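# Chain and residue survey
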Amino acid sequence: MEKLVCLGILVGDFVTRPVTRMPERGKLELVDRCELHIGGCASNTGVVAKKLGCDVSVIGKIGEDALGEFVLNALKKEGIEVSKVRIEKGITTSGTAVLVFPDGERSFLHSFGANSKFSVDDVDFDYLGSFSIVHVAGIFLLPGLEGEELETLAKKVKAIGKILSFDTAWDSTGRWLPVIKESIKYVDYFFTSLEEARMLSGKDDYREMAEFFLTLGAKNVCIKMGPEGSFVTDGKQSQFFSALKVNAIDSTGAGDAYVAGFLTGILKGYPLLKCGLVANAVGAMSVTAVGATSGVKDWESFVAFAKEHNVKI
């Protein structure tokens, strides 16, 4: 079986829903549900890819605390290889408070935690030799893996002949393009959201955004547009995929699920546009349940879901 390694942020998500209004200072508001879920781009993408039938390993850092133990056990429970997850003493595991609004949209309060200590020195490149795809997930939320460090990682991954993919996150520091500019030329598949692509490129049209990243050297660009759909291009062939009409419960992790679907398609040998078709449908399926990974069950149920929505896989 072809294998995928997801390298990046590992997080515990505390999900509250539905949030209809924020409490005033010192006061309380009620919600229907509060749940603890595994989160973080590397975790989410890895778990969904595993459910879709991929052989998956996750690499990252957690703290020596209860939340880290929860994250590690949750990954193990999903059948994911975690031998290269590092435990960092003296720092907490990264955590996110996820506020889910009635329409499924969400806002976040995030702590870098142990993710801030993850660097290229924590990556065993001999270990990566057995994988087909190396996916770096949560760029901009990994302070120790940016700029020259990220470029070094990218160079080493390509030197051992692996497919390399990047997935960005929101850069609350406001630095954006300089963090990744010198690394993009090594990337085979560049994933980003519409909002992140706008900040990185300075463009307003998604086609112009994609062209911007292709010009920087990315081989393939995938722009995730949430309820609008998604766009995939390699500069020669392009396609916009409209979002499927589903009952959106929680959009947390939908972008990560999209990436998992796309990378699964690559491992199955699908052509670019079919990978985009799969990704678009997996992202839609993921929003039908609470939590970043709960909506997708397995490949068979995904194919059935796609068929129900007139998508032929």
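Here we summarise the structure given alongside this text. (Residues numbered from 1 in each chain as written. Predicted model: local features only at pLDDT ≥ 70, side-chain atom pairs only at ≥ 80, totals over all residues. Heavy atoms only, no water.)

With that settled, consider the overall build of the protein chain. If you tally the helices and strands in the protein chain, you get 10 helices and 14 strands. For a compact globule of 313 residues, the expected C-alpha radius of gyration is about 20 Å, and the protein chain comes in at 18 Å, within 12% of that figure. Counting all 313 residues of the protein chain, 55% fall into the buried class. Across the protein chain, every contact between residues at least 6 apart in sequence was considered, and the portion connecting residues at least 24 apart equals 71%. Looking at the protein chain as shown, the accessible area adds up to about 13,500 Å², and 50% of this sits on carbon and sulfur atoms. (Helix = DSSP H or I, 4+ residues; strand = E, 2+ residues; numbered from the N terminus. Rg over C-alpha atoms; globule rule 2.2 N^0.38 Å. Buried < 20%, exposed > 50% of the residue type's maximum accessible area, 1.4 Å probe, protein only. Contact = heavy atoms within 4.5 Å. Areas by Shrake-Rupley, 256 points an atom, 1.4 Å probe, with all protein chains shown as cover.)

With that out of the way, let us pick up the side chain of Ser119. As for its placement among the helices and strands, Ser119 is situated in the loop between β8 (106-111) and α3 (125-128). Classification of Ser119 by relative accessible area gives buried; the value is 15%. Contact partners of Ser119, with chain neighbours within four places excluded, come to Gly144, Leu145 and Glu149.

Glancing now at the sheet that holds strand β3 (residues 33-39). Judged by pairing direction, the sheet is mixed, and its four strands sit side by side in the order β3-β2-β7-β8 without closing on themselves. Lying at the two open borders of the sheet, with one neighbouring strand each, are β3 and β8. The average angle at which neighbouring strand axes cross in this sheet is 20°, direction not considered. With six bridges joining them, strand β7 (residues 95-100) and β8 adopt antiparallel strand pairing. Bridging across to β8, Gly95 finds its partner in Ser111. Sheet strands touched by helix α2 (residues 66-77): β2 (11-17), β3 and β7. Its angle to β3, the strand with the most contacts, is close to 70°. (Pairing = 2+ DSSP bridges. Axes fitted to C-alpha atoms, helices over the stretch in contact; angles between N-to-C directions.)

In a soluble, globular protein the nonpolar side chains are often hidden away together inside. Ranked by internal contacts, the top residues of the largest apolar core, which has 96 residues, are Leu153, Ile180 and Phe262. If we skip the residues at most four places from it in the chain, Ile180 touches Ile139, Phe140, Leu150, Thr168, Phe190 and Leu200. (Core = buried A, V, L, I, M, F, W, Y, C linked by side-chain atoms within 4.5 Å.)

With that out of the way, let us pick up the pattern of salt bridges. Applying the stated criterion across every chain, the model contains 14 salt bridges. For the salt bridge of Lys185 with Glu151, the shortest nitrogen-to-oxygen distance reads 3.9 Å. With Lys185 in the loop between α5 (177-180) and β11 (189-193) and Glu151 in helix α4 (residues 148-159), this residue pair connects regions lying 34 residues apart in the sequence. Taking relative accessible area as the criterion, Glu151 reaches 16% and is therefore assigned buried. (Salt bridge = Lys/Arg side-chain N within 4 Å of Asp/Glu carboxyl O.)

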